[in-house]
Amino acid sequence: AHAAPSPIGGIGFTSVPANIAPMTDAITVPPGYTARVLISWGDSLTNAPHWDPSTPMTEAVQLRTYGAHTDGMHYFPFPSTGAGGLGNTRGLLVANHEYVDPGLVHNTTTYSTDAMTLDWVNTQLAAHGVSVVEVQERNGEFGVRRPSAFNRRITGKTACTVTGPASGHPMLRTAADASGTQVLGTLNNCAHGHTPWGTYLACEENFNGYFGSSAAALAAAPLTAHERRYGMAQGGFGYRWHEAEPRFDFRATPNEPNRFGWVVEIDPWNPNSTPMKRTALGRFKHESAGVVVGSDNKVAVYMGDDERNEYVYKFVCAKRFDAKNRAANRDLLDSGTLYVARFNGDGSGVWLPLVWGQNGLTSENGFADQGEVVIKCRQAADRVGATMMDRPEWVAVHPTTREVYLTLTNNNRRGTNPASSNNVDGTTTAASARPAVDAANPRPDNRYGHIIRWRDTGGDVGATSFEWDIFAECGDSLSPVAHLQGNINGDDYGAPDGLWFDNDGRLWIQTDQAGNALGDWANIGGNVMMCADPATGETRRFLTSPRNCEVTGVTSTPDGKSMFVGIQHPGEDWSGSFTANSTWPDSGVNGPTTASGMGEVAKPRSSVVVITKDDGGVIGS
Ligand code: FEO
Ligand code: CA
Ligand code: CA
Ligand code: CA
């Protein structure tokens, strides 16, 4: 049976209206709340000047400024010093930089045909990765402290150490790193996690898109089954890095892609620390990593692989969390058991171990050792009979019940749904090759997504079974098509992606759809952040966003009074002009960016906003 969490005492704000077409190019929050821009792409983390976004970005400027396309983030409070707590006014904001729009980086509208240079590759690599930003509240407003000994950029070229079962594996060795233990950089960090021992987990998602090769090289040596399973394709996602940097040519450097797709642990409190790629957690298109400590100090990490018909995973650490000895937890994520989920039709579920030698994960079947199991994690999960899901995005863990919620953002490749789109490698998935609908993924045309939740048996995070149910099927209640209406108790939304519980147990839901309020989104409007009561399902629209952006990334101070929210890729339009859609935030709406104060600049920029309640109360109360 499903144990309902205790009520949160209702949601204390008035819903904001949907931002329908023609959209307002601004953030809107409920009456009594204020949203201000904290930091934007290119804002300085040092004493040096901010980037002037009217100019092309350079590697040198990007290495000392906030990265592109802000995504998952966590606020690490400074240690509290008693009542009021320093941690509520000073902390480290650590944020992912998922990807770049090259046209905005280089001020070009002809990127697909421009001459590709190593300088451009290096500039884009510098825009990726993670930022550590010291933030402090002064006179009631959070700002960036600069310089700060903590401020740091980790990029697509920062040296990372590979730990766990794939460390040193032959499939990770390259000419530049014969040891298979040292990788340059982390890429496509989408969502994230954080550990109770004070580290940050950056999760590498669509790494495949950065790799490519020539048509001639692929004619001579076609894509392997392993490469196809991870979405490798000749042209990648169109970044063209491989044309100027052989590291990203997967025929010149065939093992380089195997060095991405991991969870990367970062100690933000030590600016000289080396990021660690924790391979025991498996290699796939990592969305987020929800770390849960059980009452017995057992540690589990819940993770999704964000692609249509991929899986949900759990890693259980072999050793227990030691709250009294931070150093003892340093390598907890290197040993333990990786599981993948099977959701049964009766509301039960099983965590299936991905352990070499078990369940057919043997040499005869292409798994020489545990290193190969984690490197080929998707193939291992295929073999043990896990449940294909409707694009697993973020996980969020209820602060008291440890119930885990997961967004399933959408899926148009299930059952007999005729809607289809081409695969990245140019093929089309035949209807006969699509999985049927099942109880956990019940809609053949799931264009609005749903949220599922589960509890491990006995409240034990190490249990190998669980119970699950669906929290909400998203949709447009005005749709004439019944199954597209969803069953939301409150304001409509779709394409749930970011998901986070505050300390009081409010569930915050961020969406990632087209963002232009057209077509399927005419009634729902642009992307949003919703607030839901997990006990009643009541759901209200808290924040609407600028045009053609995604709302992704949410965290707060421990007292819940300052909330940080990410606005990613405002104005994005791969086939047209970004600025025709959005000039946020420099348009002056929601205030000029605090850092640059550039005024009217025709370049939209991903930014983090900080939200406060005008009466000083807890956000959402
Ligand atoms: Fe980068 Fe799955 O969103
Ligand atoms: Ca996401
Ligand atoms: Ca998404
Ligand atoms: Ca995104």
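Rules of the game
- Residues numbered from 1 in each chain as written.
- Chains lettered and ligands numbered in written order.
- Predicted model: local features only at pLDDT ≥ 70, side-chain atom pairs only at ≥ 80, totals over all residues.
- Helix = DSSP H or I, 4+ residues; strand = E, 2+ residues; numbered from the N terminus.
- Buried ≥ 20, exposed ≤ 12 C-beta atoms within 10 Å, placed from the backbone.
- Contact = placed C-beta atoms within 7 Å.
- Pairing = 2+ DSSP bridges.
- Axes fitted to C-alpha atoms, helices over the stretch in contact; angles between N-to-C directions.
- pLDDT = per-residue confidence, 0-100.

- Where an unreviewed UniProt entry is consulted, the protein appears under the name PhoX family phosphatase, with the organism given as Parazoarcus communis SWub3 = DSM 12120.

1. Here's the deal with the overall build of the protein
Part 1 of the argument: What the protein contains, in helices and strands, is eight helices and 31 strands.
Part 2 of the argument: Here the C-alpha coordinates of the protein stretch approximately 65 × 60 × 55 Å along the principal axes.
Part 3 of the argument: The buried share of the protein, reckoned over its 621 residues, is 55%.
Part 4 of the argument: In the protein, 64% of the contacts between residues at least 6 apart in sequence involve partners at least 24 apart.

2. Section: the sheet that holds strand E30 (residues 562–568)
Part 1 of the argument: What the four strands build is an open sheet, ordered E1-E31-E30-E29; its pairing is antiparallel. Every interior strand has two partners, whereas the edge strands, strand E1 (33–40) and strand E29 (550–556), have only one. Sheet twist, expressed as the mean angle between neighbouring strand axes with direction ignored, is 25°.

3. As for the environment of Gly67
Part 1 of the argument: Mapped onto the elements of the fold, Gly67 is located in the loop between helix H1 (59–62) and strand E2 (70–77).
Part 2 of the argument: We classify Gly67 as buried; it has 28 C-beta atoms within 10 Å.
Part 3 of the argument: Taking the C-alpha atoms as reference points, Gly67 and Ser607, 540 residues apart in sequence, are found 9.7 Å from one another.
Part 4 of the argument: With near-sequence residues (within four places) excluded, Gly67 lies in contact with Trp41, His97, Ala127, His128, Gly129, Ser131 and Arg153.

4. Quick notes on helix H3 (residues 118–127)
Think of an α-helix as turning once every 3.6 residues; residues three or four places apart then point the same way.
Part 1 of the argument: With eight of its 10 residues buried, H3 lies for the most part within the structure.
Part 2 of the argument: Three or more residues of H3 are buried, namely Trp120, Val121, Asn122, Thr123, Gln124, Leu125, Ala126 and Ala127.
Part 3 of the argument: Tucked into the core, H3 has its buried residues touching H1, strand E3 (90–97) and helix H2 (102–106).
Part 4 of the argument: Gly129 lies just past H3 and shows a positive phi near 105°.

5. Thoughts on the sheet that holds strand E26 (residues 507–511)
Part 1 of the argument: Spatially, five strands are ordered E24-E28-E27-E26-E25 in an open sheet, and the strand pairing comes out mixed. Two strands in the sheet have a free side with no partner beyond their single neighbour: strand E24 (489–490) and strand E25 (496–501).
Part 2 of the argument: Across two bridges, E24 lies against strand E28 (residues 538–544) in parallel orientation. Within the sheet, the bridge partner assigned to Gly490 lies in E28 and is Thr539.

6. Examining the pairing of strand E11 (residues 263–266)
Consecutive residues of a regular strand have side chains that alternate between opposite faces of the sheet.
Part 1 of the argument: On E11, burial covers both faces: Val263 and Glu265 on one face and Val264 and Ile266 on the other are all buried.
Part 2 of the argument: Pairing of E11 with strand E12 (residues 276–278) involves three bridges; the strand directions are antiparallel. Among the inter-strand pairings, Val263 is bridged to a residue of E12, identified as Arg278.

7. Here's the deal with the confidence of the model for the protein
Part 1 of the argument: Chain-level statistics for the protein give a pLDDT mean of 93 and a share of 93% at 70 or above.
Part 2 of the argument: This model gives residues 594–600 a pLDDT under 50, and the stretch forms 23 contacts once residues within four places in sequence are excluded.
Part 3 of the argument: In the predicted complex, the global pTM is 0.96; the interface-specific ipTM is 0.95.

8. Some remarks on unusual backbone geometry
Part 1 of the argument: With an omega of -10°, the peptide bond running from Ala21 to Pro22 counts as cis.
Part 2 of the argument: Its location among the elements puts Pro22 in the segment before E1.
Part 3 of the argument: Here the amide bond leading from Arg146 into Pro147 is cis, since omega sits at 0°, within 30 degrees of zero.
Part 4 of the argument: With respect to the helices and strands, Pro147 occurs in the loop between strand E5 (141–144) and strand E6 (152–154).
Part 5 of the argument: Of note in the backbone geometry, Arg240 takes a positive phi value of approximately 65° without being a glycine.
Part 6 of the argument: Within the element layout of this structure, Arg240 appears in the loop between helix H5 (225–229) and E11.
Part 7 of the argument: For Arg240, a count of 22 C-beta atoms within 10 Å gives the class buried.
Part 8 of the argument: Unlike most non-glycine residues, Asn309 shows phi in positive territory, near 65°.

9. Considering the pairing of strand E4 (residues 129–138)
Part 1 of the argument: With seven of its 10 residues buried, E4 lies for the most part within the structure.
Part 2 of the argument: Examined bridge by bridge, E3 and E4 share eight bridges and lie antiparallel to one another. The partner of Val94 across the bridge, within E4, is Val132.
Part 3 of the argument: Bridge count for E4 against E6 is three bridges, and the pairing is antiparallel. By the bridge assignment for E6, Ser131 is matched with Arg153.
Part 4 of the argument: In terms of strand pairing, E4 meets E5 through four bridges, oriented antiparallel. When the bridges of E5 are listed, Glu137 appears paired with Phe142.
Part 5 of the argument: Connecting E4 to the next strand, E5, in antiparallel fashion are two residues, including Asn139 with a positive phi near 50°.

10. Some words on the environment of Gln358
Part 1 of the argument: Within the secondary structure, Gln358 sits in the loop between strand E18 (348–353) and helix H6 (370–375).
Part 2 of the argument: Owing to 12 C-beta atoms within 10 Å, Gln358 belongs among the exposed residues under this scheme.
Part 3 of the argument: Distance in space between the C-alpha atoms of Gln358 and Leu201 is 29 Å, their sequence separation being 157 residues.

11. Points about helix H7 (residues 377–384)
Part 1 of the argument: If you check which residues of H7 are buried, you get Cys377, Arg378, Ala380, Ala381 and Arg383.
Part 2 of the argument: On its buried face, H7 sits against H5, strand E17 (336–343) and H6.
Part 3 of the argument: At the exit of H7 stands Gly385, carrying a positive phi of roughly 85°.

12. So, the environment of Asn188
Part 1 of the argument: As for its placement among the helices and strands, Asn188 is situated in the loop between strand E8 (182–184) and strand E9 (189–194).
Part 2 of the argument: For the pair Asn188 and Glu205, spaced 17 residues apart in the sequence, the C-alpha separation amounts to 5.4 Å.
Part 3 of the argument: In contact with Asn188, other than residues within four places in its own chain, are Glu98, Tyr99, Glu204, Glu205, Asn206 and Phe207.

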